[in-house]
Amino acid sequence: MCAVASALLKPGKDRSLARRHPWVYAGAIASVTGEPASGALLAVRAADGRFLAWAAYSPASAIRARCWSFEESERIDAAWFVARVNAAVRRRADLDASTTAVRLVFGEADALPGLVVDRYEDFLVTQFHSCGVDAHRELLIEELCRRTGCANVFDRSDPALRSREGLGVLGGVLRGAAPPKHVCIREHNLRYWVDLRHGHKTGFYIDQRDNRRLVGELVPRMLARHGRGPRVLNCFCYTGGFGIAAAGAGAQAVTSVDSSSDALALARDNARLNGLEEGARAAAPATRPASRLEWVCGDVFEQLRGMRTEGRRFELIVLDPPKFATNPHQVERAARAYKDINLSALRLLEPGGVLLSFSCSAAIQPDLFQKIVAGAAIDAGADCYLRARLAAGADHPTLLTHPEGEYLKGLLLERL
Ligand code: SAH
């Protein structure tokens, strides 16, 4: 490996790498020798020349190098990438029984920084967001297809994120057939249509799988306790997710709110697909009436206020907003927005009712999020138990050394 380029860090800038954090910022680097190409292998060395990590070079990015490995003895060759793909796929194998939509590769957590691969039935949807994984794109795709048996690869890389890495636009069919308008996936006992081409992220909020199931478990428990299913409010419903899980489990009524009419249209299709929409009563178990479903196209902030004026009440509320803070500068404004919706939602929650409140902003730390929600509860005059802390599913693991990977957090609150 004598021809490998190297990056020499400034004195004292080796601390985060010593803690095995996988990013090297441009400002930490004193010099780069060997004229590496974009995505090329770099040996990262401390100011005294000590080996720290193998990394991929990103000449245009603020994160100038992303680490593959901290072991000097490892060879970062084709076999190494094949092994990473195999390990990532193997790690998720036990999810196959519960769903056909799985995140197979989650960037840093799978030692492949910048790569996301989601499987939907026999389609792989990819995002190549760093020079390192982009430089090995063909090899990675080849191995992903071989390992999963999927013949179709569709790319949904974000042009803005690629441009920050100095990478050109990618996207569309990389292999096999173009995805149909909608792919039907199974998650536990429910089905959802997913738009791989235009849907959010890679099409579906795969990360909320466990929490949708939790809703599906809470509803019958509340039904058993109170003799009737909860009235559910699903805010930021996207294509129906939590609301369909609630209706499928016997909610009395489900009100779903989203500002996107396209998302709502697909949400209604998803309700129909599961036999939950009006006129599909026959599909519901005969022992209980079908849930009353209400679809509201509007702004959640306004709708929550309007519902308070109307005196509406719910026993189960889900708040799963989009990322309010995309960077640390937006934390304060985002905190106000989180507080606003949590306050409004808690005012609609019946005593004994539950709120599932989420934030997917990595810039909002879990402890800050909890403080924001606690403040909202005080202002709403709602005493609450913190019943559980919620997170993304097992296919979105967080490396202890890379806490930035833990973007999704949630609180399960029960109002006293
Ligand atoms: N809970 C969903 C994912 C939510 S994604 C699931 O499990 O699938 C966030 C959603 O919020 C998107 O569908 C977006 O259209 C919607 N949205 C964003 N801002 C909004 C607003 N101010 N009011 C209502 N919906 C909004």
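So, how was this worked out
Residues numbered from 1 in each chain as written. Predicted model: local features only at pLDDT ≥ 70, side-chain atom pairs only at ≥ 80, totals over all residues. Heavy atoms only, no water. Patch = residues over 30% accessible without salt bridge, like charges linked within 9 Å, V, L, I, M, F, W, Y side chains within 5 Å. Areas by Shrake-Rupley, 256 points an atom, 1.4 Å probe, with all protein chains shown as cover. Salt bridge = Lys/Arg side-chain N within 4 Å of Asp/Glu carboxyl O. Lys, Arg positive; Asp, Glu negative; His and termini not counted. Charge placed at Lys NZ, Arg CZ, Asp CG, Glu CD. Helix = DSSP H or I, 4+ residues; strand = E, 2+ residues; numbered from the N terminus. Buried < 20%, exposed > 50% of the residue type's maximum accessible area, 1.4 Å probe, protein only. Contact = heavy atoms within 4.5 Å. Pairing = 2+ DSSP bridges. Near = heavy atom within 4 Å. Polar contact = N/O pair within 3.5 Å; in protein donor to acceptor, adjacent residues only side chain to side chain. Nonpolar A, V, L, I, M, F, W, Y, C, P; charged D, E, K, R; others polar.

1. Topic: a positive patch on the surface
Step number 1: A surface patch of positive charge is lined by Lys10, Lys13, Arg15 and Arg19.
Step number 2: Note that Lys13 resides in the loop between strand 1 (5-9) and helix 1 (15-18).
Step number 3: Overall, the relative accessible area of 43% leaves Lys13 in the partly exposed class.

2. Concerning the side chain of Arg212
Step number 1: Following the sequence through the fold, Arg212 ends up in helix 6 (residues 209-226).
Step number 2: Discounting residues that sit within four places of it in the chain, Arg212 has contacts with Glu187, Tyr192, Phe204, Tyr205, Ile206, Gly241, Phe242 and Ala245.

3. Here's the deal with the pairing of strand 6 (residues 63-69)
A regular strand places its side chains on the two faces of the sheet in alternate fashion.
Step number 1: Of all 7 residues that make up strand 6, 6 are buried, and the element is covered over most of its length.
Step number 2: Bridge count for strand 2 (residues 23-25) against strand 6 is 3 bridges, and the pairing is antiparallel. Counterpart to Tyr25 in the pairing with strand 6 is Ile63.
Step number 3: Bridging between strand 5 (residues 51-57) and strand 6 involves 4 bridges; their strand directions are antiparallel. Each bridged residue has a counterpart across the sheet, and for Ala55 the counterpart in strand 6 is Cys67.
Step number 4: Counting the residues that bridge the hairpin from strand 5 to strand 6 gives 5 residues.

4. Some details on the pairing of strand 5
Step number 1: For strand 5, a buried count of 7 out of 7 residues is recorded, marking the element as mostly surrounded by other parts of the structure.
Step number 2: Note: strand 4 (residues 41-45) against strand 5, 5 bridges, orientation antiparallel. Looking at strand 5, one finds that Leu41 is bridged to Ala56.
Step number 3: With antiparallel pairing between neighbouring strands as the criterion, strand 4 and strand 5 make up a hairpin whose turn holds 5 residues, including Gly49 at a positive phi of roughly 90°.

5. Remarks on the site of the ligand
Step number 1: Close to the ligand lie 15 residues; Asp258, Ser259, Asp299, Val300 and Asp320 are nearest.
Step number 2: The side chain of Arg212 places a nitrogen or oxygen atom 3.2 Å from an oxygen atom of the ligand.
Step number 3: Between the ligand and Ser259 there is a distance of 3.0 Å, counted from a nitrogen atom to a backbone nitrogen or oxygen.
Step number 4: For the shell around the ligand, the class distribution of residues is 7 nonpolar, 4 polar and 4 charged.

These values are about where atoms sit, not about what they do.
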